[in-house]
Amino acid sequence: MRVSNRKKVICLQGVSYSYPGTNNRIVLDNINLDVHAGEMLVLLGPNGSGKSTLARLMNGLLAPSCGQVLVDGLNTADDTSLWQVRKKVGMVFQNPDNQLVAATVEEELAFGMENLGFPPEEMMKRIREISARMQLDELLNFPPHRLSGGQKQRVAIASVLAIEPQALVLDEPTSMLDPAGRREVISELNRLKQSGKTVVLVTHDMTEAITADRIVVLVQGKAAFMGPPRECFSRVAWLQEIGLEIPPAAELARRIRGKGLVVPQDLYHVADWVEYLCQES
Amino acid sequence: MPGIIDIKNLYVSYAPGTPIQRHALRGISMAVEKGEYRAIIGPQGSGKSTLLQVMAGLIEAEGRVSVCGKDLRHKKNRDGLWRQVGIIFQYPERQLFEDTVFNDIAYGPRNMGLSEDEVRRRVKAALEAVNLDEEVYCLSPFKLSGGQKRRAAIAGILAMEPEVLLLDEPTAGLDPRGKRQLMDLFSNLCRKKQVTLVLVTHDMEEVAHRADTVTVLYRGRIAMGGTPKEIFARCKELESIGLFVPFAAQLATSLQAKGLPVRNMTTLPEAEQEVARLLKGRA
């Protein structure tokens, strides 16, 4: 897909970051990155490579030590535009329990809108739309703590979507979920992507990364790779060297090639393998 | 011969005798042999963590539970169990508390009443096992990176040299390499030192590639038990309770459904063999 002509939702220009009180230890080092409208961008990298910091710079939770972050043209370091920035870029964290605050799902969905002073009729309308779209309508009167992990995370996503951000940034949203919960959240993200929403996903799960339009690999605070998943996962030796892996389907292809057999490049899912092996027979 | 963990007809309920009473575990009977690598899988809320806490003597339960030959119906036996049974909770780094990494890891061995020489030997061995350099010994554990904290917390349990190690998603949030290193460490303890492992996890690839046996929990009951190969051949049943099978098992099931002659498989080496056989048969 061509993304170069599309609108840039988030621009990071020469961004560096050090946490206060750490002797200027560089967590992010001169990052230049544009997130385009409608793009699904996945951030990969070993623990401590700066992924979560980068995510937090994208909606002004952190301000860069050097360089600047522009969200739809607004500088995140400018306090007067911070509320605007947060409206444009919504954030979802690892543990939904830390993000859900209200007594019922309905109040949870209203929380962000209330804070931004939406009129009640508009709030009700949006809650109806969003809960129908995300199949939460039957859960509206439930207390969030009674939901499954996957449901909670979908409520967290829905409550951020309620304020209609241009982009959604998610920091390892599936790492605390069981397999069904993971699948639920990932298919939700794919639906969002198809509906044209901009999604930035931080993950350690290579199978989740395959769905990206573009992958950025961070290594020790530097953007060491930017490109499509196919290109990323063809660099097997390099990924291993920096402590990452390739998805099992791609690993199988690598092993088969190691036996001197020829298989196609793009085998990333079970379905790809099934299709290939069946057409060959 | 009874197992090192032997459970008969176990029931655990939360808030018993109140209107909100809820059974977390119902009628669990299972045995784990010494030196076995057992995985426990199940959807959220199926009782996995509760079962682990019963095995560690942290929760009082109805039914017969014996661990390392001790009858856990007696409070005295439950209270002393920590000397033989180590439990690593989710996010164990939240339990770090001492002023230095060394003292944090020495806390358990010191409480066991070991000599300071023996404590020192064990702390060093544990830190080496988790791959932490000597230069961190005198640092505050809170100065370490996330991955280092996790490893320090785990070293604190290893230093007690437990016979049974209970692991509750020990690698959640770690990157692939950190995960592999830790899981290799646990595998080695099991294979080389006959430490009995009980691993609660959502990672089916780990289960497929490492565990001897699997117990599947669903709504507080045992839904299935067997080797990874036996369990993961039951793809449909697992999916119906919200679990999924590892890549190789998914591939086997899908290819079999299309009528291709492949054997059941759960690991990547098995998949490699089967797929290579298929492709060679055509060449």
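Residues numbered from 1 in each chain as written. Chains lettered and ligands numbered in written order. Predicted model: local features only at pLDDT ≥ 70, side-chain atom pairs only at ≥ 80, totals over all residues. Heavy atoms only, no water.

As annotated in an unreviewed UniProt entry, chain B is Energy-coupling factor transporter ATP-binding protein EcfA2 from Desulforamulus putei DSM 12395. Per UniProt, the comment on chain B under Subcellular location (unreviewed entry) is "Cell membrane". The record in UniProt for chain B states the following under Function (unreviewed entry): "ATP-binding (A) component of a common energy-coupling factor (ECF) ABC-transporter complex." (UniProt positions renumbered as here; feature names shortened; annotations may be inferred.)

As recorded by an unreviewed UniProt entry, chain A carries the name Energy-coupling factor transport system ATP-binding protein and is attributed to Desulforamulus putei DSM 12395. Under Subcellular location (unreviewed entry), UniProt gives the following word-for-word description of chain A: "Cell membrane".

Visitor: What exactly am I supposed to notice about the overall build of chain B here?
Guide: What chain B contains, in helices and strands, is 11 helices and 10 strands. Rg of the C-alpha trace for chain B: 21 Å, near the compact-globule value of 19 Å for 283 residues, within the 12% margin. Put simply, chain B has 283 residues, and 55% of those count as buried. Long-range pairs, those at least 24 residues apart, make up 61% of the contacts in chain B between residues at least 6 apart in sequence. By element, 49% of the accessible surface of chain B is carried by carbon and sulfur atoms, the whole surface being about 12800 Å². Across chain B, the mean location of the 40 positive side-chain charges is 4 Å away from that of the 34 negative side-chain charges. (Helix = DSSP H or I, 4+ residues; strand = E, 2+ residues; numbered from the N terminus. Rg over C-alpha atoms; globule rule 2.2 N^0.38 Å. Buried < 20%, exposed > 50% of the residue type's maximum accessible area, 1.4 Å probe, protein only. Contact = heavy atoms within 4.5 Å. Areas by Shrake-Rupley, 256 points an atom, 1.4 Å probe, with all protein chains shown as cover. Lys, Arg positive; Asp, Glu negative; His and termini not counted. Charge placed at Lys NZ, Arg CZ, Asp CG, Glu CD.)

Visitor: Quick question: what am I supposed to make of the packing of helix H3 (residues 101-111) of chain B against helix H4 (residues 116-129) of chain B here?
Guide: Residues and elements named next belong to chain B. Two numbers describe how H3 lies on H4: the axes approach to 9 Å, and their chain directions differ by 120°. Between H3 and H4, the angle falls in the class oblique. Both H3 and H4 take part in a crossing whose hand is right-handed. Residue-level contacts link Val101, Phe102, Ile105, Ala106, Pro109 and Arg110 of H3 to Glu116, Val119, Arg120, Val123, Ala126 and Leu127 of H4. (Axes fitted to C-alpha atoms, helices over the stretch in contact; angles between N-to-C directions. Parallel < 35°, antiparallel > 145°, perpendicular 65-115°, else oblique. Left-handed = near helix turned anticlockwise from the far one by under 90°.)

Visitor: What's the story with the UniProt feature "domain: ABC transporter" (unreviewed entry) in chain A in this structure? I'm lost.
Guide: When the UniProt feature table is mapped onto this chain numbering, "domain: ABC transporter" (unreviewed entry) sits at residues 10-245 of chain A. Summarising residues 10-245 of chain A: 35% helix, 25% strand, and an end-to-end C-alpha distance of 28 Å.

Visitor: Looking at this structure, how should I read the pairing of strand S3 (residues 40-44) of chain A?
Guide: Within a regular strand, side chains alternate between the sheet's two faces. Residue and element names in this part refer to chain A. Judged by how many residues are buried, S3 sits mostly within the fold: five of five residues are covered. Alternating positions in S3 separate into two faces, Met40, Val42 and Leu44 on one and Leu41 and Leu43 on the other, with burial throughout. Pairing of S3 with strand S8 (residues 198-202) involves four bridges; the strand directions are parallel. Residue pairing across strands places Leu41 opposite Val200, the latter belonging to S8. (Pairing = 2+ DSSP bridges.)

Visitor: I'm lost on the UniProt feature "domain: ABC transporter" (unreviewed entry) in chain B in this one. Help?
Guide: According to UniProt, the "domain: ABC transporter" (unreviewed entry) feature falls on residues 5-244 of chain B. Annotation note: span residues 5-244 of chain B, helix share 36%, strand share 25%, distance between end C-alpha atoms 27 Å.

Visitor: What is the right way to look at the interface of chain B and chain A in this model?
Guide: Buried accessible area, meaning the area lost when the parts come together, often serves as the stated size of an interface. Counting residues at the interface gives 32 residues for chain B and 38 residues for chain A. Here chain B meets chain A over a buried area of about 3200 Å², counting both sides, of which 66% is carbon and sulfur. Applying the counting criterion to the chain B and chain A interface returns three salt bridges. Between Glu272 of chain B and Lys259 of chain A there is a salt bridge whose closest N-O contact spans 3.9 Å. Taken together, the links from chain B to chain A amount to 11 residue pairs in polar contact (both at pLDDT 80 or more). When residues of the side of chain B that touches chain A are traced back to their parent elements, those giving at least two are helix H6 (176-193), helix H7 (204-210), helix H10 (247-257) and helix H11 (268-282) of chain B. For the side of chain B that touches chain A, the class distribution of residues is 18 nonpolar, six polar and eight charged. (Buried area = accessible area lost by both parts, 1.4 Å probe. Salt bridge = Lys/Arg side-chain N within 4 Å of Asp/Glu carboxyl O. Polar contact = N/O pair within 3.5 Å; in protein donor to acceptor, adjacent residues only side chain to side chain. Nonpolar A, V, L, I, M, F, W, Y, C, P; charged D, E, K, R; others polar.)

Visitor: Just checking my understanding: could you explain helix H6 (residues 179-194) of chain A for this structure?
Guide: Residues separated by three or four positions in an α-helix point in the same direction, a consequence of the helix having 3.6 residues per turn. Residue and element names in this part refer to chain A. For H6, spanning 16 residues, the distance from its first C-alpha to its last is 23 Å, which sits close to the expected 22 Å at 1.5 Å a residue. Of the residues making up H6, those classed as buried are Pro179, Gly181, Val185, Ile186, Glu188, Leu189 and Leu192. Two residues or fewer after H6 comes Gly196, characterised by a positive phi angle close to 95°. (Expected span 1.5 Å × (residues − 1).)

Visitor: I'm lost on the side chain of Glu251 of chain A in this one. Help?
Guide: Among the structural elements, Glu251 of chain A can be located in helix H10 (residues 248-258). Here the side chain of Glu251 of chain A touches Arg254 of chain A through a polar contact of 3.0 Å, side chain to side chain. Once residues lying within four places of it in the same chain are set aside, the contact partners of Glu251 of chain A are Ile246 of chain A together with Leu268 of chain B.

Visitor: Which parts of the structure should I look at to understand the environment of Cys235 of chain B?
Guide: Note that Cys235 of chain B resides in helix H9 (residues 235-240). Residues in contact with Cys235 of chain B, not counting those within four places in the same chain, are Val245 and Thr253 of chain B.

Visitor: Can you walk me through the sheet that holds strand S10 (residues 221-226) of chain B in this structure?
Guide: Hydrogen bonds between backbone atoms are what pair the strands of a sheet, whose relative direction is either parallel or antiparallel. All names here are of chain B. Spatially, six strands are ordered S6-S7-S8-S3-S9-S10 in an open sheet, and the strand pairing comes out mixed. If you trace the sheet from one side to the other, it starts and ends with strand S6 (85-88) and S10, each paired once. Each neighbouring strand pair of the sheet contributes to a mean axis angle of 15°, computed without reference to strand direction. Across four bridges, strand S3 (residues 37-41) lies against strand S9 (residues 213-218) in parallel orientation. Within S9, the position partnered with Ile41 by the bridge is Val216. Helix H5 (residues 146-158) contacts S6 and strand S7 (164-168) of the sheet and is inclined by roughly 165° relative to S6.

Visitor: Sorry if this is basic, but what is going on with the sheet that holds strand S10 (residues 222-227) of chain A here?
Guide: Residues and elements named next belong to chain A. What the six strands build is an open sheet, ordered S6-S7-S8-S3-S9-S10; its pairing is mixed. Single-partner strands in this sheet number two, and they are strand S6 (89-92) and S10. Pairs of neighbouring strands in the sheet enclose a mean axial angle of 20°, with direction left out of account. In the packing of helix H5 (residues 149-161) onto the sheet, the strands contacted are S6 and strand S7 (167-171), and the crossing angle to S6 comes to about 165°. Here H6 sits on the sheet and contacts S3, S7 and S8; the angle it forms with S8, its principal contact strand, is near 150°.

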